[in-house]
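# Residue-level structure breakdown
This is what each chain is made of:
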Amino acid sequence: MFEYEGITTLVTGASKGIGEALAVELARRGSHLVLVARSEKALEELAARLRSEHGVRVEVLSADLLATDAAERIEADLEARGLQVDLLVNNAGMGAVGPFLSRPFEPNVRSIQLNVVALMALTHRLGTAMLARGRGGILNVASVAAFQPMPFQASYAASKSFVLSFTEALAEELRGTDVRVMAAHPGATDTGFFDASSAEMHAGAATPEKVAARTLDDFARGRSISFPGNRSDRALAFVSRLLPRARTARIAGDFNRRAGFHQVSDAKAIPASTG
Ligand SMILES: NC(=O)c1ccc[n+]([C@@H]2O[C@H](COP(=O)([O-])OP(=O)(O)OC[C@H]3O[C@@H](n4cnc5c(N)ncnc54)[C@H](OP(=O)(O)O)[C@@H]3O)[C@@H](O)[C@H]2O)c1
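In short, a report on the structure. (Residues numbered from 1 in each chain as written. Predicted model: local features only at pLDDT ≥ 70, side-chain atom pairs only at ≥ 80, totals over all residues. Heavy atoms only, no water.)

## Quick notes on the pattern of salt bridges
Stated precisely, the cut-off is as follows: Salt bridge criterion: a side-chain nitrogen from Lys or Arg within 4 Å of a carboxyl oxygen from Asp or Glu. Secondary structure elements follow DSSP: runs of H or I no shorter than four residues count as helices, runs of E no shorter than two count as strands, and numbering proceeds from the N terminus. Per-residue accessibility, obtained with a 1.4 Å probe over protein chains only, is compared with the maximum for each type, and a residue is labelled buried under 20%, exposed over 50%, and partly exposed between these values.
Taken as a whole and assessed by the stated rule, the structure comprises 15 salt bridges. Linking E25 and R28 is a salt bridge whose minimum nitrogen-to-oxygen distance equals 2.7 Å. On the criterion of helical spacing, the pair formed by E25 and R28 is a turn pair, its members being three residues apart in helix 1 (residues 17-28). Overall, the relative accessible area of 52% leaves R28 in the exposed class. The residue D218 makes a salt bridge to R221 at a minimum N-O spacing of 3.1 Å. According to the relative accessible area criterion, D218 is buried, its value standing at 7%.

Put into structure tokens, the structure is as follows:
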């Protein structure tokens with residue numbers, strides 16, 4: 001079992017949603033924390049709460065992971081503070097919603113930079129140090145969207161397919177070492193994931209607290225893959241692997257059309273999410 005007690009975990013996207021829930025659950029399990037996101041005030045408030053409720057050390061490192069030198073700056077900041085990261089949780093993520101050709105292009109690029117490039121860069125920088133020390137952990141938050149093409153979330157699902165493939169390959173490269181790697185694949189989770197658009201979440205989304213606790217349980221057990229959300233998520237991901245790709249794209253497209261993702265706008269109706 002991987003022990004969280006006394007280690008130091010860096011969580012990206014810790015200011016809200018699944019990342020905040022992971023930080024809370026890690027603190028509850030005795031891990032010291034480095035919280036990363038852009039919203040410094042939210043991170044400071046969370047840090048103060050976790051220090052007082054759980055007695056763990058919590059550092060706030062406000063950073064925009066879209067900056068091309070973000071990972072380098074984070075590594076330098078950690079070094080300046082004398083911090084060593086035992087577990088890296090790459091959670092920060094975003095996704096463009098809507099018909100690819102009728103919606104702005106930029107959010108697609110930003111999501112690839114955040115979900116893919118920043119994740120890889122942090123993994124490379126902090127993972128190299130873990131390998132040199134001979135121990136550590138890397139936990140990448142992907143999505144059930146990773147398992148099939150998803151019309152109206154096209155670049156988002158593709159970015160999460162990257163995370164799935166990259167994490168599986170890295171886990172195999174590190175087999176036999178004490179650096180453990182896992183991808184978690186939540187399904188729809190009740191966060192602010194869709195706050196930038198009018199897209200809304202269907203009923204039955206998992207809570208971020210449940211997703212966080214199950215993700216950490218699976219990582220501690222040594223799993224290389226985790227489905228921490230609703231029970232049907234694992235089965236759906238399995239079925240997607242069996243069906244022809246065109247068929248899964250059609251099914252996913254029908255699903256997202258029913259959710260109204262083919263006609264989203266920027267206006268926010270009700271904060272909600274799926275991923
Ligand atoms: N919610 C779902 O249904 C669902 C399902 C499957 C997978 N996921 C995945 O779970 C992860 C967390 O999603 P969530 O639902 O919790 O989303 P969320 O509530 O929107 O939270 C996203 C987090 O990422 C941070 N972030 C965004 N842009 C950033 C940037 N440029 N630099 C640094 N941090 C940044 C945000 O903090 P700041 O805004 O303060 O920077 C925030 O803490 C994502 O990888 C998402 O793809 C979500």
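## Digging into the pairing of strand 2 (residues 32-37)
Put simply, the rule is: Two strands pair if DSSP finds at least two bridges between them. When the strands point away from the viewer and the connection leading from the first strand across the helix to the second strand turns clockwise, the crossover is called right-handed.
Extensive coverage of strand 2 is indicated by the burial of six of its six residues. Both faces of strand 2 are covered, namely the face carrying H32, V34 and V36 and the face carrying L33, L35 and A37. As paired strands, strand 1 (residues 8-12) and strand 2 are joined by five bridges and run parallel to one another. Paired with T9 across the strands is L33, a residue of strand 2. On the question of chirality, the crossover connecting strand 1 to the parallel strand 2 by way of helix 1 is right-handed. In this sheet, strand 3 (residues 58-62) lies alongside strand 2 in parallel orientation, the contact comprising five bridges. Counterpart to V34 in the pairing with strand 3 is E59. With respect to chirality, the unit in which strand 2 leads through helix 2 (residues 40-54) into the neighbouring parallel strand 3 is right-handed.

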